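Close look at the chain arrangement
Here is what each chain is made of, one letter per residue.
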Amino acid sequence: MSISSAAGSEAGSEDFEDRATFTARVRAWFEANAPRRGSAEDFSAVHVVSGQTVEEFNEREEHAVEVTRNWQRKLYEAGLASPSWPTECGGQGAPEWADEVVLAEQSRWGVSTKMFAVGLEMAPAVLFGHGSAEQRAHYLPPIVRGEQTWCQLLSEPGAGSDLANVQTRATPVEGGWSVSGQKVWTSHAGGAEYALLIARTGTREEGRKGLSCFALRMTQPGIDIRPLRQMSGGYHFNEVFIDGAFIPEIGLIGGLGDGWLVLRTMLASERAAIGGGTGARSSTQLIGLVRRLGLQDDEGVREIVAAAVIRERTLDFTRFRIAAGHRVAAAGSVTKLLYSEHARLSSEAAMTVLGLAGTVADDPESAPWIERLLFAPGLRLGGGTDEIQRNTIAERGLGLPR
Amino acid sequence: MNFAFTDEQNELRRMVHDFLDETSPETEVRRLAETSLGYDPDIWLRFAGELGLAGLAIPEEYGGAGYGFVELGIVLEEAGRTLFGAPLLSSVVLAASTLLALGDKSANADYLPAIAAGTTTATLAFAPPSARLVDTDAVRVDATRDARGWTLTGTTSYVLDGHTADLLLVVARTGAGLSVFAVDGAAPGVARTPQQTVDQTRRQATIVLDAAAARLVGDEGEACAALAGVFDLATVALGAEQVGGAARVLEQAVEYAKIRVQFGRPIGSFQSIKHKLADLHLTVESARSAAYHALWVAAESPDELPEAASLVGGCCGDAFVTTARENIQVHGGIGFTWEHPAHLYFKRAHSSRLLFGTPAQHRQRLARLVLAASTD
């Protein structure tokens, strides 16, 4: 079924229906189509962070990817996947607020396509900001349809916070480039069709000026993916060894040597994506925990609950303000820091509330919190560490000297 | 909820900003802090009469402009930025909200138009001397009625602008419970003594009532519910003011960090200063989000007000205190001097944090509300 019959292939945003009509229609569609809790498509188990073995983790992750992929396809068929994108990119040519309406509704129903954030948020940010119309029409439609997922190949053993030190090299060859090097901390590398790659095309001495950004096909010879086990027990991250992989001409995003510029767009989008949250309402879950444990009247517990509610709601309201056009300096870094701090503090708060039950992972009350507790440190690293975010806020947001 | 400001609201902000830029520079704030009134009546008349800002949230039938708390919040935020010395919180927020909450049409018609015009300043008196928290059980003013009407006897303290207000709305006890009474500030039997306020830009007074003539406002014994709503509105309004102050001191700290050179470079180029200021930016923006949300709730969704107000009370006061305190540290020695404005904001921050319930008290209430509302 198509919810967006009004938007033809050439429909510009001026032809799109008004926000109230669209919102009503989206709400009705979600009411009829959003997966219910406890159903086979329930999203509450989609956030996979652990596994006893790499096989078990992969099995759980593949299931999560499948659930998310089906949901993305369903959204696409209803005309609700990235509606603000032009029709030739797989969208509906809707105004930007249409994306917000769908996102808000997803959050309300506890469903999310965050697992595909690199494809759905970072790749388009980069392609709309620096790519050509041809590249957008080539790469974006399979993402919107839920057919292809993307990953990022940025960090290297010698290039963490200091990304300008990337050494993976792309060398010109007949019809494109040949890439060789080693990348690390790549999430979802296994199932990804493409990667956003930062590679050196100039000399080492050129630093950030010698970098370029590419779309690299992951399903080709010369790419070896090795899972890394994280502290949470999951195999989220991978090392990726690249040995003579090929990138055709169309794969260069932005100009040769513009990699740093493109990277800044990519990282800003990543920060916003992380700050945008996963839809998990940890303060609501904390409230439920406190009630089930009968601790509502404990003054110390109430202080913990209030602090969590204040953090979560002020973060939500800050996101709404940004969406409403308020000027919040370095908005992406602000929401990213607030979100990762909330994730950390909430899981620590839950441990305090759980008491001894927080020492065992096979207690049904403690299990989800221990997963969060063990995942939270990574949220403070991904998309740039807390320290890098604070530098960004200070320098780009507040205008302090470098 | 809607966070987008209209063109009209943006225009209001610019107008208030420009007016306060002109009338409330630091020199004027300091001059007024040394006067007995604590504010400039001529400026207040311009603010209320010429610009119509005192009656912004008062209904048109009572001489106001008929807007709501979103607009009033814009004014308070700007006022908080400059430490505008004026009976804004006392007369426009506390007194007008109390009258509107009590819904006494005759009293409203008698008092609100003059409050809106700025020709009468009013305030609300509710706390006994040495009170620690806002607690209506602690009220120590008694009302009695005889053939000539009501009279009030007792003592009330911490009354905002209590030494200058023309109209005192006094919370007093009768056999039926708590009620609000209107008392002429200059009436016989009213003795007003300014208190030595920590924040010299906002005055408080102790008022001793000795058989002072009073007029009952609203129904006898029915003030408690109305006052709970008034304190919520006051908390929200104060939150907007605190956000304005916090944003201003953060600007001061950032400006100074850019120009102050030590070790041969601007101190703002050191990561310890950058990270401190980045954290303050998070604090200010979070508080601003809480305040804007609550202003919207006050205007559009009153059922959510207790929760929204406690959210504000639970974070905005602390945000201002943190920002004002760290601003002094970024400035170093000069920030600790009397001549620098940092201490004016520091004192305002610490005092305003305690006015309508402490942050800890608000957080306890917020937790009670969300734990009771949860069906999970």
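Small disclaimer: the values here were computed from a predicted structure and weren't measured.

1. Describing the overall build of chain A
If you tally the helices and strands in chain A, you get 11 helices and 8 strands. Rg of the C-alpha trace for chain A: 22 Å, near the compact-globule value of 21 Å for 402 residues, within the 12% margin. Split into buried and exposed, the 402 residues of chain A put 53% on the buried side. In chain A, the share of contacts with a sequence separation of at least 24, taken over all contacts with a separation of at least 6, comes to 71%. About 17,300 Å² of surface is accessible on chain A, with carbon and sulfur atoms providing 52% of the total. Charge-centre separation for chain A: the mean point of 40 positive side chains lies 5 Å from the mean point of 50 negative side chains.

2. Some remarks on the overall build of chain B
For chain B, the helix and strand inventory stands at 11 helices and 9 strands. In terms of overall dimensions, chain B is globule-like: its C-alpha atoms have a radius of gyration of 21 Å, near the 21 Å expected for 376 residues. Seen through its C-alpha atoms, chain B measures out along the principal axes to roughly 80 × 55 × 40 Å. Looking at the 376 residues of chain B, the share that counts as buried comes to 59%.

3. With respect to the packing of aromatic side chains
Counted according to the given criterion, the structure contains 23 aromatic pairs over all chains. Ring centres of Trp 29 of chain A and Phe 30 of chain A lie 5.4 Å apart, and the angle between their planes is 80°; this geometry places the pair in the edge-to-face category. Across the pair, Phe 30 of chain A and Trp 29 of chain A agree in class, each one buried. On the basis of an interplanar angle of 40° and a centroid distance of 6.3 Å, the ring pair of Phe 320 of chain A and Phe 3 of chain B is categorised as tilted. Of this pair, Phe 320 of chain A sits in helix 8 (residues 299–323) while Phe 3 of chain B sits in the segment before helix 1 (7–23), which puts the two residues in different chains. A relative accessible area of 37% places Phe 320 of chain A in the partly exposed class.

4. Points about the pairing of strand 1 (residues 122–125) of chain B
All names here are of chain B. Of the two faces of strand 1, the one carrying Ala 122 and Leu 124 and the one carrying Thr 123 and Ala 125 are both buried. Pairing between strand 1 and strand 4 (residues 167–174): 4 bridges, direction parallel. Across the sheet, residue Ala 122 finds its bridge partner in strand 4, namely Leu 167.

5. Quick word on unusual backbone geometry
Backbone geometry at His 188 of chain A places phi at a positive 55°, although glycine is not the residue there. Despite not being glycine, Leu 83 of chain B shows a phi value in the positive range, around 55°. Locating Leu 83 of chain B in the fold gives a position in the loop between helix 4 (69–82) and helix 5 (88–102).

6. Focus on the environment of Gly 91 of chain A
All names here are of chain A. Along the chain, the position of Gly 91 falls in the loop between helix 2 (54–77) and helix 3 (97–109). A relative accessible area of 6% means that Gly 91 is categorised as buried. Considering only alpha carbons, one finds Gly 91 and Ala 81, 10 residues apart in sequence, at a separation of 6.7 Å. Non-local contacts of Gly 91, meaning those with residues more than four positions away in its chain, are made with Ala 81, Ser 82, Pro 83, Trp 85 and Pro 86.

7. Some words on a positive patch on the surface
Residue and element names in this part refer to chain A. Together, Arg 208, Lys 209, Arg 264 and Arg 396 line one region of the surface with positive charge. Locating Lys 209 in the fold gives a position in the loop between strand 4 (194–200) and strand 5 (211–217). By relative accessible area, Lys 209 is classed as exposed at 64%.

8. Considering the confidence of the model for chain A
In this model, chain A carries an average pLDDT of 90, and 93% of its residues clear a pLDDT of 70 or more. Low pLDDT, under 50, characterises residues 1–11 of chain A; the stretch is placed with 22 contacts to residues that sit more than four places away or in other chains.

9. Things to note about the side chain of Thr 113 of chain A
Structurally, the position occupied by Thr 113 of chain A is in the loop between helix 3 and helix 4 (117–130). Excluding residues that lie within four positions of it along the chain, Thr 113 of chain A makes contacts with Thr 68, Trp 71, Gln 72, Leu 75, Gln 106 and Leu 120 of chain A.

10. A closer look at the interface of chain A and chain B
With 38 residues of chain A in contact, the opposing surface of chain B contributes 40 residues. Counting the surface lost from both chain A and chain B, the interface buries some 3,500 Å², and carbon and sulfur atoms represent 67% of this. Looking at the side of chain A facing chain B, the largest losses of area belong to Phe 317, Arg 321 and Leu 398 of chain A, adding up to 17% of the total buried there. Inspection of the chain A/chain B interface yields 17 residue pairs in polar contact (both at pLDDT 80 or more). Mapped onto the side of chain A that touches chain B, the elements with two or more residues apiece are helix 7 (282–292), helix 8, helix 9 (331–354) and helix 11 (386–397) of chain A.

11. Quick look at the pattern of salt bridges
Scanning the entire structure with this criterion turns up 44 salt bridges over all chains. The partner of Glu 77 of chain B in a salt bridge is Arg 288 of chain B, with the nearest N and O atoms 2.6 Å apart. Within this pair, whereas Glu 77 of chain B is found in helix 4, its partner Arg 288 of chain B is found in helix 8 (residues 271–300), the two being separated by 211 residues in sequence. Arg 288 of chain B shares its class with Glu 77 of chain B; the two are buried. The salt bridge involving Arg 81 of chain B is made with Glu 251 of chain B; its shortest N-O contact spans 2.9 Å. Highlighted residues: Arg 81 of chain B in helix 4 and Glu 251 of chain B in helix 7 (residues 223–259), separated in sequence by 170 residues. Judged by its relative accessible area of 30%, Glu 251 of chain B falls in the partly exposed class. It is possible to trace a salt-bridge network through shared partners that takes in Arg 321 of chain A together with Arg 13, Glu 77, Glu 78, Glu 285 and Arg 288 of chain B.

Calculation criteria
- Residue numbers run consecutively from 1 along every chain, following the written order of its sequence.
- Note on labels: chains are lettered from A, ligands numbered from 1, in written order.
- Only residues with pLDDT of 70 or above have their local features reported here, since the model is predicted, and side-chain atom pairs are shown and tallied only from 80 upward, although totals for entire chains, interfaces and linings are computed over all residues.
- The basis for the side-chain values is all heavy atoms of the structure; hydrogens and waters are excluded.
- Only runs of H or I of at least four residues qualify as helices and only runs of E of at least two qualify as strands under DSSP, and these elements are numbered from the N terminus.
- C-alpha atoms define the radius of gyration in this analysis, and the globule rule sets the expected value at 2.2 Å times the number of residues to the power 0.38.
- Note on exposure labels: buried denotes an accessible area under 20% of the residue type's maximum, exposed denotes more than 50%, and partly exposed covers the range between, all computed with a 1.4 Å probe on protein chains only.
- For this analysis, residues touch if any pair of their heavy atoms sits within 4.5 Å.
- Method for areas: the Shrake-Rupley scheme with a 1.4 Å probe, in which residue coverage is limited to the protein chains shown.
- Counting rule applied: Lys, Arg positive; Asp, Glu negative; His and chain ends not counted.
- Every charge is mapped to an atom, namely NZ of Lys, CZ of Arg, CG of Asp or CD of Glu.
- Stacked, edge-to-face and tilted labels apply to pairs of Phe, Tyr and Trp rings (six-membered ring for Trp) whose centres lie within 6.5 Å, assigned for plane angles under 30 degrees, over 60, and everything in between, in that order.
- Here the rule is simple: two strands pair whenever DSSP picks up at least two bridges between them.
- The patches described consist of residues with a relative accessible area above 30% and no salt bridge, like charges being joined within 9 Å and nonpolar side chains (Val, Leu, Ile, Met, Phe, Trp, Tyr) within 5 Å.
- Only one rule defines a salt bridge in this text: a Lys or Arg side-chain nitrogen within 4 Å of an Asp or Glu carboxyl oxygen.
- Every residue gets a pLDDT, meaning the predictor's confidence in that residue, from 0 to 100.
- The quantity reported as buried area is the accessible area (1.4 Å probe) lost by two parts once they are put together, taken as the sum for both.
- The term polar contact refers here to a pair of N or O atoms within 3.5 Å; inside protein, the definition further demands a hydrogen-donor-capable atom paired with an acceptor-capable atom, and it admits residues adjacent in sequence only when both atoms are side-chain atoms.

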